[in-house]
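Examining the three-dimensional arrangement
If you want the building blocks of each chain, they are given just below.
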Amino acid sequence: MNFTGAHILSIEQFQREDVERIFAVADRMAPYGRRQRVTRVLEGAILGNMFFEASTRTRVSFGSAFNLLGGEVRETAGFESSALVKGESLRDTARVLSGFSDVICMRHPQAGSVAEFASASRVPVLNGGDGSNEHPTQALLDLYTIAKELAQRQRSIDGLRIAMIGDLRYGRTVHSLSRLLSLYKNIHVLLISPPELAMPEQYVEQLRSTGAQVTISDQLLANINHVDIVYSTRIQEERFPSREEADLYRGKFRLNQAIYTQHCEPNTVIMHPLPRDSRSAANELDIDLDDNPNLAIFRQTDNGLLVRMALFALVLDVVDQVDSCAQAVRWHSARQL
Ligand code: CP
């Protein structure tokens with residue numbers, strides 16, 4: 001695909017070579033993410049960071065990635081601080097904000113809303129999550145992390161065995177990740193959820209039609225013993241009709257160190273898009289896993305910075321200028337990704 005000026009709305013846009021291009025550019029961003037060098041390649045550019053639904057890491061990661069490339073960030077967080085509460089349409093909002101920005105990132109609770117916004121935007125729009133539909137940049141950072149973790153085990157993504165666990169119905173990260181995995185060969189995906197929260201059929205069909213083996217189960221322990229990755233997810237309470245209904249499913253698929261030791265292969269990588277729900281009723285990924293070297297959840301968030309820098313550099317067509325606008329950092333930095 002031609003990245004220059006493109007909206008990034010869905011994994012459906014990508015071929016495998018596009019994903020590999022993003023990952024190659026993300027690798028080149030590592031010295032900047034590690035604060036060994038700074039670049040001013042986007043000096044003067046403005047990111048409109050529009051988050052109409054709660055977020056910690058996606059919002060700050062997009063903003064930090066843009067800052068690390070030398071650009072400025074303007075934010076709106078929440079409906080209540082935007083004119084959407086006065087009845088302004090997404091299309092009008094897009095016309096206005098794209099006059100102020102060079103690129104826009106957006107999260108919104110309704111599926112399809114970011115695409116609707118993008119259709120009226122005069123600048124590229126990156127989807128930071130639209131309802132239970134997709135979260136494409138999360139899937140890209142997840143797969144980038146998977147590739148890095150597997151490389152340490154002399155493996156590639158082809159042949160991956162992954163268990164996706166939890167709320168697969170409303171969890172947009174697993175929707176986008178399953179679409180991304182459809183681009184690879186000999187994939188085995190184990191979908192573990194309560195039947196009511198099963199992966200929607202369209203994603204299962206896409207995996208199967210592209211040659212992936214798909215196993216569907218509501219049993220955790222019997223399905224995590226021969227996988228490379230366990231990818232746990234939170235019950236997406238905000239998408240349920242009521243909190244009481246979400247409570248029915250909380251805490252059903254808990255992973256902790258004892259379960260991991262007993263049921264997983266010793267090198268199994270533990271992932272989660274975060275936030276994990278650490279309240280006692282849920283606790284899908286226990287904090288007693290925090291000392292497990294195979295816990296990759298914070299490597300995911302660090303990698304997300306590099307992937308989002310790569311997307312900005314590609315969409316704004318500055319990949320080949322990043323290094324020529326760079327210098328060593330002036331401050332002491334102990335950061336390592
Ligand atoms: N993974 C993710 O989307 O996290 P936030 O909701 O904090 O952005």
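Worth saying up front: this structure is predicted, and the values here are computed from it rather than measured. (Residues numbered from 1 in each chain as written. Predicted model: local features only at pLDDT ≥ 70, side-chain atom pairs only at ≥ 80, totals over all residues. Heavy atoms only, no water.)

1. A look at the side chain of R250
Position of R250 among the secondary structure elements: in the loop between α9 (243–247) and α10 (257–263). Every residue in contact with R250, bar those within four places of it in the chain, is listed here: I235, E237, R243, D277, R279, A281 and A282. (Helix = DSSP H or I, 4+ residues; strand = E, 2+ residues; numbered from the N terminus. Contact = heavy atoms within 4.5 Å.)

2. Re the layout of surface pockets
Taken as a whole, the largest pocket spans an internal volume of roughly 410 Å³. Along its surface, the largest pocket is lined by 21 residues, and A54, R107, R234, E238 and P275 are the ones closest to its centre. Of all the secondary structure elements, the ones that give two or more residues to the lining of the largest pocket are α3 (57–68) and α7 (172–181). The residue inventory of the lining of the largest pocket, partitioned by class, reads 4 nonpolar, 10 polar and 7 charged. Residue-level mapping places the lining of the largest pocket at the junction of two domains, with at least three residues from each of domain 1 (11–134 + 301–336) and domain 2 (136–298). (1 Å grid on protein atoms, 1.4 Å probe; cavity = no way out; pocket = protein on both sides within 12 Å on 5 of 7 lines; lining within 4 Å. Points joined across faces, edges and corners; volume = space filled by probe spheres on them. Nonpolar A, V, L, I, M, F, W, Y, C, P; charged D, E, K, R; others polar. Domains from an automatic or database assignment.)

3. Overview of the site of the ligand
Taken together, A54, S55, T56, R57, T58, R107, H135, Q138, P273, L274 and P275 make up the full set of residues near the ligand. One of the side-chain N or O atoms of Q138 is found 3.0 Å from a nitrogen atom in the ligand. At a separation of 2.8 Å, a nitrogen atom of the ligand approaches a polar backbone atom of L274. Relative to its unbound accessible surface of 260 Å², the ligand loses 91% to contact with the protein. Because more than half of its atoms lie within 2 Å of the grid, the ligand is assigned to the largest pocket. A per-class count over the shell around the ligand returns 4 nonpolar, 5 polar and 2 charged. If you count residues domain by domain, the shell around the ligand takes at least three from each of domain 1 (11–134 + 301–336) and domain 2 (136–298). (Near = heavy atom within 4 Å. Polar contact = N/O pair within 3.5 Å; in protein donor to acceptor, adjacent residues only side chain to side chain. Areas by Shrake-Rupley, 256 points an atom, 1.4 Å probe, with all protein chains shown as cover. Sits in = over half its atoms within 2 Å of the grid points.)

4. Let's talk about the sheet that holds strand β5 (residues 125–130)
Ordered by their spatial adjacency, 4 strands build an open sheet running β3-β2-β4-β5, and the pairing between neighbours is parallel. A strand with exactly one partner marks an edge of an open sheet, and here the two such strands are β3 (72–77) and β5. The sheet shows a mean angle of 10 degrees between the axes of neighbouring strands, direction not considered. (Pairing = 2+ DSSP bridges. Axes fitted to C-alpha atoms, helices over the stretch in contact; angles between N-to-C directions.)

5. Observations concerning the nonpolar core
Formed by 70 residues in total, the largest nonpolar core has its most connected members in I22, L140, L143, I162, M164, L181 and F312. Per-element accounting of this core gives the leading share, 10 residues, to helix α11 (residues 297–315). Counting contributing residues per domain, this core is built from domain 1 (11–134 + 301–336) and domain 2 (136–298), each supplying no fewer than three. With near-sequence residues (within four places) excluded, F312 lies in contact with L47, F62, A65, F66, L69, V103, C105, L126 and D317. (Core = buried A, V, L, I, M, F, W, Y, C linked by side-chain atoms within 4.5 Å. Buried < 20%, exposed > 50% of the residue type's maximum accessible area, 1.4 Å probe, protein only.)

6. Considerations on the pairing of β5
Burial analysis of β5 places 6 of its 6 residues in the buried class, the great majority of the element. Of the pairings in the sheet, the one linking strand β4 (residues 103–108) to β5 comprises 4 bridges and is parallel in character. Bridge pairing in β5 places I104 opposite V125. Since β4 and β5 lie parallel, the crossover through helix α5 (residues 113–119) that links them has a hand, and here it is right-handed. (Right-handed = clockwise from strand over helix to strand, strands pointing away.)

7. Digging into unusual backbone geometry
The peptide bond linking L274 to P275 adopts the cis configuration, its omega dihedral lying at 0 degrees. With respect to the helices, strands and loops of the structure, P275 is situated in the loop between β10 (269–271) and α11. We note that N186 has phi near 55 degrees; this positive angle belongs to a residue other than glycine. Among the secondary structure elements, N186 is positioned in the loop between α7 and β7 (188–192). By relative accessible area, which is 63% here, N186 ends up exposed.

8. Quick notes on the domain arrangement of the protein chain
Domains assigned within the protein chain are domain 1 (11–134 + 301–336) and domain 2 (136–298). Buried surface at the junction of domain 1 and domain 2, both sides included, amounts to about 2600 Å², of which 56% is carbon and sulfur. Of all residues in domain 1, I11, R16 and F23 give up the largest surface area on contact with domain 2, accounting jointly for 25% of the area buried on that side. Our count for the domain 1 to domain 2 interface comes out at 6 salt bridges. Put simply, domain 1 and domain 2 have 17 residue pairs in polar contact (both at pLDDT 80 or more) between them. Breaking the side of domain 1 that touches domain 2 down by element, the ones donating at least two residues are α1 (16–28), α3, β4, β5 and α11. Ranked by the residues each element gives to the side of domain 1 that touches domain 2, the list is headed by α11, at 8 residues. Classifying every residue of the side of domain 1 that touches domain 2 by side-chain character gives 11 nonpolar, 10 polar and 11 charged. (Buried area = accessible area lost by both parts, 1.4 Å probe. Salt bridge = Lys/Arg side-chain N within 4 Å of Asp/Glu carboxyl O.)

9. With respect to empty space enclosed by the protein
By the definition in use, this model includes 2 cavities of 30 Å³ or more. In terms of lining residues, the largest cavity is bounded by 13 residues, among which T233, I235, Y249, G251 and E284 are the most central. Its residues assigned to classes, the lining of the largest cavity shows 5 nonpolar, 3 polar and 5 charged. Approximately 30 Å³ is the volume attributed to the second largest cavity. Lining the second largest cavity are V25, R28, M29, Y32, V319, V322 and D323. Looking at the lining of the second largest cavity, its residues break down into 5 nonpolar, no polar and 2 charged.

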